[in-house]
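Structural overview for review
One letter stands for each residue in the lines below.
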Amino acid sequence: MNYDLSAEYYYGDRSYASLGYFQKTVSNYVGSGFSYINVQGIRNPAYLADGTPVNNGGPGSSITADATNELVLFKNALPAVSDREEEVSGIELAVQHDFSDSNLFWCGSLQGSVSLPI
């Protein structure tokens, strides 16, 4: 359930200030998940399929990967729907002030807002 209560004060034709409180229940939002996958059968030449390190013969010797080496797993980030339900509450403050009748170098309106969770 969501609640939003606000009060606005208009102190000019195009100027106002408002203050509000909100409380929202958030569910079924999209978060981050991870999976470990192998890409195109890439293998790690430093380890055998059972995880045993390969003795490569020392510095300067070459090693190559073959079917006896362990598969390389990559950590893959992906979107995941969360089954959590959270409550968020906070205050909102918004102000708009019209400067069109002022003798400043800039004539127009200025608007800003901020939401602060509590």
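Refer to the preceding data block for the structure.
Below or above, wherever it landed, is the structure these notes cover. (Residues numbered from 1 in each chain as written. Predicted model: local features only at pLDDT ≥ 70, side-chain atom pairs only at ≥ 80, totals over all residues. Heavy atoms only, no water.)

Some details on the overall build of the protein
- Along its length, the protein carries zero helices and eight strands.
- Listing the helices and strands of the protein from first to last along the sequence gives β-β-β-β-β-β-β-β.
- The C-alpha atoms of the protein give 30 Å as radius of gyration, which overshoots the globular expectation for 118 residues (13 Å, by more than 25%).
- A principal-axis box enclosing the C-alpha atoms of the protein has dimensions of 85 × 45 × 25 Å.
- Buried positions account for 12% of the 118 residues belonging to the protein.
- The contacts in the protein between residues at least 6 apart in sequence include a share of 59% that link residues at least 24 apart. (Helix = DSSP H or I, 4+ residues; strand = E, 2+ residues; numbered from the N terminus. Rg over C-alpha atoms; globule rule 2.2 N^0.38 Å. Buried < 20%, exposed > 50% of the residue type's maximum accessible area, 1.4 Å probe, protein only. Contact = heavy atoms within 4.5 Å.)

Examining the pairing of strand β6 (residues 74-81)
- Of all the eight residues making up β6, zero are buried; the element is thus mostly uncovered.
- Alignment of strand β3 (residues 30-37) against β6, held across eight bridges, turns out to be antiparallel. Within the sheet, the bridge partner assigned to I37 lies in β6 and is F74. (Pairing = 2+ DSSP bridges.)

Some words on the sheet that holds strand β7 (residues 85-98)
- Strand order in the open sheet formed by four strands is β1-β2-β7-β8, with antiparallel pairing between adjacent strands. For this open sheet the edge positions go to β1 (2-12) and β8 (109-117), each flanked by a neighbour on one side alone. Averaged over neighbouring strand pairs, the angle between their axes works out to 15° when direction is ignored. (Axes fitted to C-alpha atoms, helices over the stretch in contact; angles between N-to-C directions.)

Comments concerning the packing of aromatic side chains
- Scanning the entire structure with this criterion turns up two aromatic pairs.
- Note on Y9 and Y11: the rings are 6.2 Å apart at their centroids and 25° apart in plane angle, and the pair reads as stacked.
- Pairing Y10 with Y16 gives two aromatic rings, centres 5.5 Å apart and planes at 35°, and the pair type is tilted.
- A relative accessible area of 16% places Y16 in the buried class. (Phe/Tyr/Trp six-rings, centres within 6.5 Å; stacked < 30°, edge-to-face > 60°.)

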